[in-house]
Amino acid sequence: FEEAVNKRLTDSFCSVIADVPQPELFSVFTYPYDCHNLKSLLKCAEKGISPERLIIPLGSVPADKITESVAKRDFSVFPENMSKAAEAAREAYARTHNPQTIDLLIDAACFCDMEESVKENPLEFFSKILSIKADIANILTVIRLIRVPSVQSENIFGEAMVAGGGLRKDFFAAVFADEIKEKE
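Bear in mind that the values here come from a model prediction, so they are computed numbers and not experimental data.

What follows concerns the overall build of the protein. Within the protein one finds nine helices and zero strands. Of the regular secondary structure in the protein, the N- to C-terminal order runs α-α-α-α-α-α-α-α-α. For the protein, the C-alpha radius of gyration of 17 Å lies close to 16 Å, the compact-globule estimate for 184 residues. Overall size of the protein, expressed as C-alpha extent along the three principal axes, is 55 × 40 × 35 Å. Per-residue burial for the protein yields a buried fraction of 40% across its 184 residues. Residue pairs at least 24 apart in sequence account for 66% of intrachain contacts in the protein once pairs closer than 6 positions are excluded. When the accessible surface of the protein is totalled, it reaches about 10,600 Å², and 56% of it is carbon and sulfur. Taking the 21 positively charged and 29 negatively charged side chains of the protein as two groups, their mean positions are separated by 3 Å.

Here's what the structure looks like:
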């Protein structure tokens, strides 16, 4: 069932993107798949396992190029911020051995790329979608940071939060600080 749903989603998404005159306008939707693929490949490379079953073919970077780029440690096929964050994520993982550091750094970079895409193609619909996605990402990030003490000690909170949402960073910082105090 899951395989059938994924195939249907992939076929539909690819059909829509193929039929629009400016597919780059939809980067706000495709970059998260690039982000997922990059995170999966980095983690699999660190663990020495095959990432093939984790690849989602809906991003802006073809799956075969992603696999090759990670094998060569050349992340230039990805959007600019994700490309830069990939090496930082590898280094952070080498220090912490915590895969959450890969997630946090690549997620934040993905949102920077999405934000730049929306600025280049300023349509209100895409701006609203990005704002909602940023708030959801920040909520999930705060939950992750609260649950994983080893990440908290890295003081990665500021780097992991993404801009562009309707909820301000100081709101999340207050929630984070309150939760950490309650745990102590």
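Applying the stated rule across the entire model yields zero disulfides. Unpaired in terms of disulfides, C35 finds its nearest cysteine sulfur in C110, a separation of 4.2 Å. The thiol sulfur of C44 is not disulfide-bonded, and the nearest other cysteine sulfur, from C35, lies at 14 Å. C44 sits in the buried class, given a relative accessible area of 4%.

Attention now goes to the packing of helix α4 (residues 80-96) against helix α5 (residues 99-120). Look at α4 against α5: their axes get within 8 Å of each other, and the N-to-C directions meet at 170 degrees. In this view, α4 runs roughly antiparallel relative to α5, as classed from their interaxial angle. At the point where α4 passes α5, the crossing takes the right-handed sense. Taken together, the residues of α5 that come into contact with α4 (itself represented by E80, N81, M82, A85, A86, A88, A89, A92, Y93 and T96) are P99, T101, I102, L105, I106, A109, C110, C112, D113 and E116. Here the contact of α4 with α5 is composed, by residue class, of 14 nonpolar, three polar and three charged.

With their axes 11 Å apart at the nearest point, α5 and helix α6 (residues 124-147) run at an angle of 165 degrees to one another. With respect to each other, α5 and α6 are oriented roughly antiparallel. The interaxial crossing formed by α5 with α6 has left-handed handedness. Across from Q100, D103, L104, D107, F111, M114, E115 and V118 in α5, the residues of α6 making contact are F126, S127, L130, K133, A134, A137, T141, R144 and L145.

Tallied over the full model, the rule gives eight salt bridges. The shortest N-O distance in the salt bridge between D107 and K39 comes to 2.7 Å. Taken together, the residues D107 in helix α5 and K39 in helix α2 (residues 27-47) connect sequence positions 68 residues apart. Salt bridges sharing common partners tie together E46, E87 and R90.

Okay, α5 next. A rise of 1.5 Å per residue sets the reference length of α5, with its 22 residues, at 32 Å; its end C-alpha atoms lie 32 Å apart and thus fit the reference within 8%. Where α5 begins, the capping side chain belongs to N98, and its oxygen is found 2.8 Å from the backbone nitrogen of Q100.

Further remarks concern the packing of aromatic side chains. Evaluation of the coordinates by the stated rule reveals six aromatic pairs. Residues F26 and F126 carry aromatic rings whose centres are separated by 5.4 Å and whose planes lie at 80 degrees to one another, so their mutual orientation is edge-to-face. Of this pair, F26 sits in the loop between α1 (2-19) and α2 while F126 sits in helix α6, placing them 100 residues apart in sequence. Here F126 falls in the buried class, since its relative accessible area comes to 6%. Ring centres of F125 and F126 lie 5.4 Å apart, and the angle between their planes is 65 degrees; this geometry places the pair in the edge-to-face category. Residue classification places F125 among the exposed positions, given a relative accessible area of 52%. Clustering of aromatic rings is evident, with ring pairs tying together F26, F29, F125 and F126.

Rules of the game
- Residues numbered from 1 in each chain as written.
- Predicted model: local features only at pLDDT ≥ 70, side-chain atom pairs only at ≥ 80, totals over all residues.
- Heavy atoms only, no water.
- Helix = DSSP H or I, 4+ residues; strand = E, 2+ residues; numbered from the N terminus.
- Rg over C-alpha atoms; globule rule 2.2 N^0.38 Å.
- Buried < 20%, exposed > 50% of the residue type's maximum accessible area, 1.4 Å probe, protein only.
- Contact = heavy atoms within 4.5 Å.
- Areas by Shrake-Rupley, 256 points an atom, 1.4 Å probe, with all protein chains shown as cover.
- Lys, Arg positive; Asp, Glu negative; His and termini not counted.
- Charge placed at Lys NZ, Arg CZ, Asp CG, Glu CD.
- Disulfide = S-S within 2.5 Å.
- Axes fitted to C-alpha atoms, helices over the stretch in contact; angles between N-to-C directions.
- Parallel < 35°, antiparallel > 145°, perpendicular 65-115°, else oblique.
- Left-handed = near helix turned anticlockwise from the far one by under 90°.
- Nonpolar A, V, L, I, M, F, W, Y, C, P; charged D, E, K, R; others polar.
- Salt bridge = Lys/Arg side-chain N within 4 Å of Asp/Glu carboxyl O.
- Expected span 1.5 Å × (residues − 1).
- Polar contact = N/O pair within 3.5 Å; in protein donor to acceptor, adjacent residues only side chain to side chain.
- Phe/Tyr/Trp six-rings, centres within 6.5 Å; stacked < 30°, edge-to-face > 60°.

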